Amino acid sequence: MSSTDPVVFWDGVYAARAAATDPRPNARLTEIVTELDPPVGDALDLGCGEGGDALWLARRGWRVTAVDVSAVAVERLTALARAHGLADRIAAARHDLRTSFPEGTFDLVSAHYLHTPLDLDRAAVLGTAARALRPGGRLLVVDHGSTAPWSWNQDPDVRYAPPREVAAGLGLDPAAWTVERADAPRRTATGPGGDTAEVTDHVLIVRRAA
């Protein structure tokens, strides 16, 4: 792991990109959340980035708490929420998940591609997220299962933990949390430059007992 400060690193990543006016949501989010029952509620978006997921959820009636370690990302999402008339449904805040976690309880916690080259106890963060679920709420974790050509991490030896392994690392009581889905679907993805490639996602859904 790098010793670089996460705020400095991720502020630099987002500052180097042109601000999106209507960022795309993640494909697995739209596919999975559309089928959820109940269809709306309170959602927590961990590592919200440019805000595509938060905006998509808010447009469908969710009340979204969106957090990122990057102040640049949070400021951009706050501005986008206002511009799209969604400021009453999106609360964006900066959190370094190594040291702080949003308050409250949620019907959905979404963590899409919460990978970082920096120091982060991801299992502890996701375990905290699962415990922040209301009864019947779901934790949705979507991880990379393969390396896209445009990924910042091109290490040929990188290992992507399978969903069941991720679930086991959360330390949750199986009497109170159930793994609803753990698989590795493939899809055609489009990179920042418009290139396409087939990629694998690792999808994990954990539900808290009602």
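Quick notes on the rules
- Residues numbered from 1 in each chain as written.
- Predicted model: local features only at pLDDT ≥ 70, side-chain atom pairs only at ≥ 80, totals over all residues.
- Heavy atoms only, no water.
- Phe/Tyr/Trp six-rings, centres within 6.5 Å; stacked < 30°, edge-to-face > 60°.
- Buried < 20%, exposed > 50% of the residue type's maximum accessible area, 1.4 Å probe, protein only.
- Core = buried A, V, L, I, M, F, W, Y, C linked by side-chain atoms within 4.5 Å.
- Helix = DSSP H or I, 4+ residues; strand = E, 2+ residues; numbered from the N terminus.
- Contact = heavy atoms within 4.5 Å.
- Pairing = 2+ DSSP bridges.
- Right-handed = clockwise from strand over helix to strand, strands pointing away.

1. As for the packing of aromatic side chains
Think of a pair of aromatic rings as described by two things: how far the centres are apart, and how the planes are tilted against each other in angle.
Then, number 1: Tallied over the full model, the rule gives two aromatic pairs.
Then, number 2: Plain terms: the ring middles of Phe9 and Trp10 are 4.9 Å apart, the flat faces sit at 90° to each other, and that makes the pair edge-to-face.
Then, number 3: Note on Phe9: relative accessible area 27%, which makes it partly exposed.
Then, number 4: A relative accessible area of 13% means that Trp10 is categorised as buried.

2. Things to note about the nonpolar core
Then, number 1: In this structure, Val33, Leu57, Trp62, Val64, Ile90, Leu108 and Leu140 are the most contacted members of the largest nonpolar core, which totals 25 residues.
Then, number 2: Here the element with the most residues in this core is helix α3 (residues 52–59); it accounts for five residues.
Then, number 3: Excluding its chain neighbours within four sequence positions, the residues that come into contact with Leu108 are Val33, Leu36, Asp42, Ala43, Leu44, Leu57, Trp62, Leu133, Arg138 and Leu140.
Then, number 4: Among the nonpolar cores identified, the runner-up in size contains 23 residues, and Leu44, Val67, Leu139 and Leu204 belong to it.

3. So, the pairing of strand β4 (residues 106–112)
Then, number 1: The element β4 is largely enclosed, with a buried count of six among its seven residues.
Then, number 2: Both strand β1 (residues 42–46) and β4 contribute to a ladder of four bridges, which runs parallel. When the sheet's bridge partners are listed, Leu44 is paired in β4 with Val109.
Then, number 3: Of the pairings in the sheet, the one linking β4 to strand β5 (residues 133–144) comprises six bridges and is parallel in character. From the neighbouring strand, Leu108 faces β5, where its bridge partner is Arg138.
Then, number 4: A crossover links β4 with its parallel partner β5, the connecting element being helix α5 (residues 122–131), and its sense is right-handed.

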